[in-house]
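Coordinate inspection notes
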Amino acid sequence: QVQLVESGGGLVQAGGSLRLSCAASGRTLRSYAMGWFRQAPGKEREFVASTDWRGGSIYNAYYADSVKGRFTISRDDAKNTVYLQMNSLKPEDTAVYYCAADSVYGPRADDYDYWGKGTQVTVSS
């Protein structure tokens, strides 16, 4: 079992930045695929960013078009933590952000078995 706890959400003005953290316990994340998803009120959960594991210390990162160039996913396997650096935030980025993990990489929410409870990000205009 993997337990995930997100932190770092909050209220920020448009153009500002936040860094979300996802701390894992129960298993080492080193070989796990990790993803960030978000869900705005009345909308479906959507993919934001993910990183897979290609062996050793090699990972690939993937991003939704809506966040590409503004968000960066990174991981610190020594701390068993994944981060999402969010810059140039827009009001449409407002959502609950969820961290997810799975032993096999997939681009969809259904591909992930383990989920955190989410952290609220609110971007004011």
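Up top is the structure.
Here's what I pulled together on the structure shown here. Each chain has its residues counted from 1, running along the sequence as written. With the structure being a predicted model, the display of local features is reserved for residues of pLDDT at least 70 and the display and counting of side-chain atom pairs for 80 or more, all residues being used for whole-chain, interface and lining totals. Just so you know, side-chain values use all the structure's heavy atoms and leave hydrogens and water out.

1. With respect to the overall build of the protein
Applied cut-off: Each helix is a run of H or I in the DSSP string that is no shorter than four residues. Each strand is a run of E no shorter than two, and both are numbered from the N terminus. Atoms considered for the radius of gyration are the C-alpha atoms alone. The globule rule reads 2.2 Å times the number of residues to the power 0.38. A simple rule labels every residue: compare its accessible area, found with a 1.4 Å probe on the protein chains alone, to the largest value its type can have, and call it buried under 20%, exposed over 50%, or partly exposed in between. Contacts: residue pairs with any heavy atoms within 4.5 Å of one another. In this tally Asp and Glu are treated as negative and Lys and Arg as positive; neither His nor the chain ends contributes. Taken as the charge location is NZ of Lys, CZ of Arg, CG of Asp or CD of Glu.
Scanning the protein from N- to C-terminus turns up zero helices and 11 strands. Across the protein, helices and strands are ordered from the amino to the carboxyl terminus as β-β-β-β-β-β-β-β-β-β-β. In terms of C-alpha radius of gyration, the protein reaches 14 Å, essentially the compact-globule figure of 14 Å for 125 residues. Principal axes of the C-alpha set define a box for the protein whose edges measure 40 × 25 × 25 Å. Taking all 125 residues of the protein together, 42% fall into the buried category. Within the protein, contacts between residues at least 6 apart in sequence are counted, and of these 57% link residues at least 24 apart. Computed over 14 positive and 13 negative side-chain charges, the inter-centroid distance for the protein is 4 Å.

2. A closer look at the pairing of strand S5 (residues 46-51)
To keep it simple, the criterion reads: Note: two strands are recorded as paired if DSSP finds a minimum of 2 bridges between them.
Both strand S4 (residues 33-39) and S5 contribute to a ladder of five bridges, which runs antiparallel. Along S5, the bridge assignment pairs Trp36 with Ala49. Hairpin connection from S4 to S5: six residues lie between these consecutive antiparallel strands, with Gly42 at a positive phi of about 80 degrees. Of the pairings in the sheet, the one linking S5 to strand S6 (residues 61-63) comprises three bridges and is antiparallel in character. By the bridge assignment for S6, Ser50 is matched with Tyr62.

3. Some points on the pattern of salt bridges
What counts here: Should a side-chain nitrogen of Lys or Arg be within 4 Å of a carboxyl oxygen of Asp or Glu, the pair is scored as a salt bridge.
In this structure the tally under the stated criterion is six salt bridges. A salt bridge links Arg70 to Asp93; its shortest N-O distance comes to 2.8 Å. Placement of the pair is Arg70 in the loop between S6 and strand S7 (71-76) and Asp93 in the loop between strand S8 (81-86) and strand S9 (95-102), with a sequence separation of 23 residues. When its relative accessible area of 1% is taken as the criterion, Asp93 is described as buried. One continuous salt-bridge network, built from bridges that share partners, spans Arg38, Glu46, Arg70 and Asp93.

4. Structural notes on the sheet that holds S8
Counted only if it meets this: Angles here are taken between N-to-C directions and fall from 0 to 180 degrees, while the axes themselves are lines fitted to C-alpha atoms, restricted in helices to the stretch in contact.
Judged by pairing direction, the sheet is antiparallel, and its four strands sit side by side in the order S1-S3-S8-S7 without closing on themselves. A strand with exactly one partner marks an edge of an open sheet, and here the two such strands are strand S1 (3-7) and S7. This sheet shows a mean twist of 15 degrees between the axes of neighbouring strands, independent of strand direction.

5. Details of the side chain of Ser21
For Ser21, the location among the structural elements is in strand S3 (residues 18-25). On the basis of relative accessibility, which here comes to 16%, the residue Ser21 falls in the buried class. Setting aside its immediate chain neighbours within four residues, Ser21 contacts Val5, Glu6, Ser7, Trp36, Thr81, Val82 and Tyr83.

6. A closer look at the state of the cysteines
Heads up, the rule is: When the sulfur atoms of two cysteines come within 2.5 Å, that pair is taken as a disulfide.
Inspection of the entire model under this criterion finds one disulfide. In this model Cys22 forms its disulfide with Cys99; the gap between the sulfur atoms is 2.0 Å. Negative torsions about the S-S bond denote left-handed disulfides, and the value of about -75 degrees found for Cys22 with Cys99 makes this one left-handed. Residue Cys22 is found in strand S3, and its partner Cys99 is found in strand S9; the two are separated by 77 residues along the sequence. Exposure class is identical for Cys22 and Cys99. Each is buried.

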